[in-house]
4 protein chains.
Amino acid sequence: MKAGELYQTADWKNEKHVPVIECPDSVAADQMFDVKVTIGKEISHPNTTAHHIAWIKLYFKPEGGKFPYEIGGFFFSAHGASTEGPDTSSVYTHHGVTCSFKTSKPGTLLATSYCNIHGLWENSKTLGIK
Amino acid sequence: MKAGELYQTADWKNEKHVPVIECPDSVAADQMFDVKVTIGKEISHPNTTAHHIAWIKLYFKPEGGKFPYEIGGFFFSAHGASTEGPDTSSVYTHHGVTCSFKTSKPGTLLATSYCNIHGLWENSKTLGIK
Amino acid sequence: MKAGELYQTADWKNEKHVPVIECPDSVAADQMFDVKVTIGKEISHPNTTAHHIAWIKLYFKPEGGKFPYEIGGFFFSAHGASTEGPDTSSVYTHHGVTCSFKTSKPGTLLATSYCNIHGLWENSKTLGIK
Amino acid sequence: MKAGELYQTADWKNEKHVPVIECPDSVAADQMFDVKVTIGKEISHPNTTAHHIAWIKLYFKPEGGKFPYEIGGFFFSAHGASTEGPDTSSVYTHHGVTCSFKTSKPGTLLATSYCNIHGLWENSKTLGIK
Ligand SMILES: [Fe+3]
Ligand SMILES: [Fe+3]
Ligand SMILES: [Fe+3]
Ligand SMILES: [Fe+3]
């Protein structure tokens, strides 16, 4: 079995699990810029003790480079559980994050995410340098 | 040794390691709202292969509750290393993040962070419900 | 509020949440050695979709040093949820881990852990160099 | 770009980055068992401030199931940096971990890992039920 077989993808407008990557299509070299990665932008995903998005990761592969760099890992931890039982705390973390990074090279962003019952999902976006 | 002894804090306007928590002072019950947590808002912290902020965590302790909930853990992974050596990739993740959560109760936010050479830091902020 | 107020501790023989640190009392300088950190060695902790240990972290503060080093963060991810509902997958990760590190200096190990409904816990152990 | 393109693999006896999964070929149903995952079992991988293994993840896909479960994520945090510069602390975390889980079903284990300069690697192992 290969890792690649475990990642699912689809059009995020039709499939609620697909991470949506929002950032400019091209950015200034060596200047920090924001990247927003969310699940469920069009069709919302459940967020309950029993079913939720646990994390999003973001990678960047520079054009012409051999290896991807991990930009960050973002873990969503609160899903309603309390000592009174599942879905009783009222505290829920949303499955979305905005982070920032910089690069001197164009390349491709890859976002991956994990639903605790529907597994691994992915999406990508090309990034240019102005 | 107790965990509490390992966390340092100070006024973030004078000490670059202290996490700065930015969100409204009070929010609507059960409505997702954004929380921005950053290091170095006033005095910037280095971001190099040898010296960087590795992560930020965010906790929320509801008023009157006994236990804190972890909202999220945010790991900043790219710090310039490449096969050519330290600080040669041009790819650096900024030590800041915006996440979202909801709660029906007021309470206190606690942000913690870790510098790979200067250890653990903390800051907190009170959150009201409108 | 200070981070230190959020960590609870007790005798691990009486309190199931306290992380137990198992390693030699003293080790050879600059030689990797194993550290086992577990929850519930004497009194087992639940492991269900609604109530489980999410992670253990291990820190080491060298004697005479100012700052602690993070040795590792260990996240236990599977707690029985499947598309059929909570506690239906049969797949559960145990809340314990063995890792390894090396140091030339004596110091103190600190283990922290997080129960998704009972919050943060801690324990420590002194480490000597032979 | 697809996630699958980013993962590299090879025979771990010849390629130092490939995670090695060590556990019984078949285990008793619903009984916790140990899984050791390490990098560099045959050919050791560097562990320096500028070049190291940052983490290992372990997944399990039950036979006949549609989705993989994440068993755990294990982050190796100490790589020799101190306030005196890179590779001056003497504290290094080894890139290997032993965790435990249980399952009632046979399936496939997948281990992934990340070198901060050589990217993502993977390996898998079939698991039977006695
Ligand atoms: Fe889902
Ligand atoms: Fe620092
Ligand atoms: Fe508990
Ligand atoms: Fe490498």
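Cut-offs applied
- Residues numbered from 1 in each chain as written.
- Chains lettered and ligands numbered in written order.
- Predicted model: local features only at pLDDT ≥ 70, side-chain atom pairs only at ≥ 80, totals over all residues.
- Heavy atoms only, no water.
- Helix = DSSP H or I, 4+ residues; strand = E, 2+ residues; numbered from the N terminus.
- Donors = N, O, S within 2.8 Å, 3.2 Å for Na, K, Ca; no water.
- Buried < 20%, exposed > 50% of the residue type's maximum accessible area, 1.4 Å probe, protein only.
- UniProt positions renumbered as here; feature names shortened; annotations may be inferred.
- Phe/Tyr/Trp six-rings, centres within 6.5 Å; stacked < 30°, edge-to-face > 60°.
- Lys NZ or Arg CZ within 6 Å of the ring centre and 35° of its normal.
- Least-squares fit on C-alpha atoms with pLDDT ≥ 70 in both.
- Contact = heavy atoms within 4.5 Å.

K.L.:
Is there a simple way to explain unusual backbone geometry in this structure?
P.N.:
It is generally the case that most residues other than glycine have a negative phi and that most peptide bonds are trans. A positive phi angle, near 60°, is found at Asp30 of chain A, a position not held by glycine. By secondary structure assignment, the location of Asp30 of chain A is in the loop between strand 3 (26-27) and strand 4 (33-39).

K.L.:
Mind showing me how you'd approach the coordination of the iron ion (ligand 2) here?
P.N.:
Tetrahedral coordination by four donors puts the ideal angle at the metal at 109.5 degrees, and octahedral coordination by six puts it at 90 or 180 degrees. All names here are of chain B. For the iron ion (ligand 2), the protein coordination sphere consists of His17 (NE2), His45 (NE2), His51 (NE2), Cys115 (SG) and His118 (ND1), at 2.1 to 2.4 Å. The sequence pattern formed by the donor residues of the iron ion (ligand 2) is H-x27-H-x5-H-x63-C-x2-H. In this pair, His51 is assigned in the loop between strand 4 (33-39) and strand 5 (53-62) and Cys115 in strand 9 (residues 107-115), connecting sequence segments 64 residues apart. Like Cys115, His51 is buried.

K.L.:
I keep staring at the UniProt feature "domain: Desulfoferrodoxin ferrous iron-binding" (unreviewed entry) in chain A and nothing clicks. Help me out?
P.N.:
The sites that carry the UniProt feature "domain: Desulfoferrodoxin ferrous iron-binding" (unreviewed entry) are, in the present numbering, residues 10-123 of chain A. Span residues 10-123 of chain A is 0% helix and 47% strand, its end C-alpha atoms 8 Å apart.

K.L.:
Just to check I follow, could you spell out the packing of aromatic side chains for this structure?
P.N.:
The geometry of an aromatic ring pair is captured by the separation of the ring centres together with the interplanar angle, meaning the angle of the planes. In the structure shown here, the tally under the stated rule is 22 aromatic pairs over all chains. Pairing Trp55 of chain C with Tyr114 of chain C gives two aromatic rings, centres 5.9 Å apart and planes at 20°, and the pair type is stacked. Of this pair, Trp55 of chain C sits in strand 5 (residues 53-62) while Tyr114 of chain C is found in strand 9 (residues 107-115), placing the two residues 59 residues apart along the sequence. By relative accessible area, Trp55 of chain C is classed as buried at 3%. Among the residues examined, Tyr114 of chain C registers a relative accessible area of 3% and is labelled buried. Among the aromatic residues, those joined into a cluster by ring pairs are Phe75 of chain A, Phe75 of chain B, Phe75 of chain C together with Phe75 of chain D. The ring of Tyr92 of chain B has Lys102 of chain A sitting right over it, with the charged end atom 5.5 Å from the ring centre.

K.L.:
Sorry, what's going on with the relation of the copies chain A and chain C here?
P.N.:
Each of the two chain copies can be brought onto the other by rotation about an axis and movement along it. Mapping chain A onto chain C is achieved by rotating through 180° and translating by 0.0 Å along the same axis, at an RMSD of 0.0 Å. Those values place the two copies in the arrangement expected of a two-fold rotation axis. A symmetric contact is evident, with 100% of the interface residues of chain A recurring at the interface of chain C.

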